Amino acid sequence: MALIVQKYGGTSVGSAERIKNVANRVKKARDEGHDVVVVVSAMSGETNRLVALAHEMQEFPDPRELDVVLATGEQVTIGLLAMALKNIGVDAKSYTGWQVAVKTDTAHTKARIEEIDGDKMLADLKAGRVVIVAGFQGISSEGDIATLGRGGSDTSAVALAAALKADECQIYTDVDGVYTTDPRVVPEAKRMDTITFEEMLELASLGSKVLQIRSVEFAGKYQVRLRVLSSLQEGGNGTLITFEEDENMERAVVSGIAFDKNQARINVRGVPDKPGIAYQILGAVADANIEVDMIIQNVGNEGTTDFSFTVPRGDYKPTLELLEQLKNTIGATEVSGDDAVCKVSIVGLGMRSHVGVASAMFRALAAESINIQMISTSEIKVSVLIDEKYLELATRVLHKEFELDK
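Every value quoted in this text rests on a predicted model; they were computed, and no experiment measured them.

Caption draft 1: Representation of the UniProt feature "binding site: substrate" (unreviewed entry) in the chain within the structure. Mapped onto this numbering, the UniProt entry annotates "binding site: substrate" (unreviewed entry) at T47 and E74. Taken together, the annotated residues stretch across 28 residues yet fold into one region, lying no more than 8.9 Å apart by C-alpha. Relative to the elements of secondary structure, T47 occurs in helix α2 (residues 46-57). Ignoring any residue separated from it by four or fewer positions in sequence, one finds T47 in contact with A42, L70, E74 and R150. Along the chain, the position of E74 falls in helix α4 (residues 72-87). Leave out the neighbours within four places in its chain, and E74 touches V40, S41, A42, T47, A134, G135, F136, Q137 and S153. Within the structure, E74 has its side chain in polar contact with the backbone nitrogen of A42 (distance 3.1 Å).

Caption draft 2: Inspection of the nonpolar core at higher detail. Core analysis: the largest hydrophobic core is formed by 45 residues, its most contacted members being C169, L211 and L226. Looking at this core element by element, the count peaks at 7 residues for helix α7 (residues 152-164). Residues V186, I257, F259 and M361 belong to the second largest nonpolar core, which totals 25 residues.

Caption draft 3: Region of the structure containing a nonpolar patch on the surface. Together, V76, L80 and M83 make up a nonpolar patch on the protein surface, roughly 270 Å² of accessible area in all. Tracing the sequence through the fold places L80 in helix α4. Residue classification places L80 among the partly exposed residues on the basis of a relative accessible area of 35%.

Caption draft 4: Here's a closer look at the pattern of salt bridges. This model, assessed by the stated rule, comprises 21 salt bridges. Where R129 meets D124, a salt bridge forms, and the shortest distance between an N and an O atom there is 2.6 Å. In this structure R129 comes out as partly exposed when scored by relative accessible area, which is 27%. Between E379 and R352 there is a salt bridge, with its nearest N and O atoms 3.5 Å apart. One end of the pair, E379, is in the loop between β19 (374-378) and β20 (381-387); the other, R352, is in the loop between β18 (334-347) and α12 (357-367), and 27 residues separate them in sequence. Judged by its relative accessible area of 53%, E379 falls in the exposed class. With relative accessibility at 37%, the residue R352 sits in the partly exposed group. Three or more residues joined by partner-sharing salt bridges are found here, namely K86, D91, D124 and R129.

Caption draft 5: Region of the structure containing helix α9 (residues 213-221). For α9, the full list of buried residues reads R214, S215, V216, F218 and A219. A positive phi of about 55° marks Q223, the residue just after α9.

Caption draft 6: The arrangement of the packing of α12 against helix α13 (residues 391-401) in detail. Between α12 and α13, whose axes approach to 10 Å, the crossing angle comes to 130°. Here α12 is positioned oblique relative to α13, judged by the angle of their axes. Where α12 crosses over α13, the handedness of that crossing is right-handed. In this structure, α12 uses A360, M361, R363, A364 and L365 to contact α13, whose residues at the interface are A394, V397, L398 and E401. Classifying every residue of the contact of α12 with α13 gives 7 nonpolar, no polar and 2 charged.

Caption draft 7: Fine view of the sheet that holds strand β8 (residues 145-147). Pairing is mixed across the open sheet formed by 4 strands, whose spatial order is β5-β4-β7-β8. The open sheet has two edge strands with one neighbour each: β5 (113-116) and β8. Across the sheet, the axes of successive neighbouring strands diverge by a mean angle of 45°, strand direction being ignored. Looking at chain direction, strand β7 (residues 137-140) and β8 are connected through 3 bridges and run antiparallel. By the bridge assignment for β8, Q137 is matched with T147.

Reading the values: the criteria
- Residues numbered from 1 in each chain as written.
- Predicted model: local features only at pLDDT ≥ 70, side-chain atom pairs only at ≥ 80, totals over all residues.
- Heavy atoms only, no water.
- UniProt positions renumbered as here; feature names shortened; annotations may be inferred.
- Helix = DSSP H or I, 4+ residues; strand = E, 2+ residues; numbered from the N terminus.
- Contact = heavy atoms within 4.5 Å.
- Polar contact = N/O pair within 3.5 Å; in protein donor to acceptor, adjacent residues only side chain to side chain.
- Core = buried A, V, L, I, M, F, W, Y, C linked by side-chain atoms within 4.5 Å.
- Buried < 20%, exposed > 50% of the residue type's maximum accessible area, 1.4 Å probe, protein only.
- Patch = residues over 30% accessible without salt bridge, like charges linked within 9 Å, V, L, I, M, F, W, Y side chains within 5 Å.
- Areas by Shrake-Rupley, 256 points an atom, 1.4 Å probe, with all protein chains shown as cover.
- Salt bridge = Lys/Arg side-chain N within 4 Å of Asp/Glu carboxyl O.
- Axes fitted to C-alpha atoms, helices over the stretch in contact; angles between N-to-C directions.
- Parallel < 35°, antiparallel > 145°, perpendicular 65-115°, else oblique.
- Left-handed = near helix turned anticlockwise from the far one by under 90°.
- Nonpolar A, V, L, I, M, F, W, Y, C, P; charged D, E, K, R; others polar.
- Pairing = 2+ DSSP bridges.

Here is the structure:
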């Protein structure tokens, strides 16, 4: 008998029929003797609908009130799933994130989990109930509803698994595991039986949509056994995210390719080439709660330098407006940008012991006349910023270059 946390995403609970299917899966786990905590997302498309409604009220919705609206999506799902379980003879009880309570900081729409009180859940499990918790949400230190950001249900599930010391956290989604890249872009992509937390963390941070990055961080920090499975197919072991390197890992130079369309490039030209200029620019951006990714500062020339960085596409216009206001303060001659760009990345532990990986990537892209605008590297990844129109071509070319179809 084990304690299992199961998480079902929006596609998995996208209709009444699929919610009933989830109920049957949960019942199967209960019949096998396991205690089960279920974390669910809002029904597919519901969060987007709620966001659109909010934008009809305000161009830039108040974050606190937006959280109030967004949290209702998951509340519908937990109630429906509890009903579905009761209908097939399984005692179940649903909880919103603040009833549990999942305690967060006060960063509305991007809140971080600080603490979870597991007493209610443990009492229900002891009484033989299935516990259903709304993902993506919690309660802030000021007593307000807070949401964790898009994809936050994954983080909710892993955090609950850590708090309850669960034996395994199973993430059910519309794919049957973690693939070498998105199969919709590269049909030859292969499902991996295992992948290390280190690689999964990089893939998640670089645009892979299978798991939210914070969920992987949580799992790694608290040593939560994590498995990705399909809720739309029966059987299969999915992909296990492991803490150990596979014995064959050294043979795989590159394990996966991730891409991210949610990118925009900002250029600040002609700023004084002096200590502190990077802080003046990026400090102001950080104070506006805008996340910066890739950064390039050119070598100074005649006392000035150019500074470029990337931000999420949704923050493109606010960042340009902010820097236009600071233009005279920081001494820049021009602020410009481009939001028709994307990031493509290769990831693999094998890079640690193989040379020439980056050059092979650049050669493959050059052969297709794909220009690289920015480059970012770590010990186990290489990322490039390119024109968005080349995203699919670049991914297919790199998948073939590193023989991931084999």
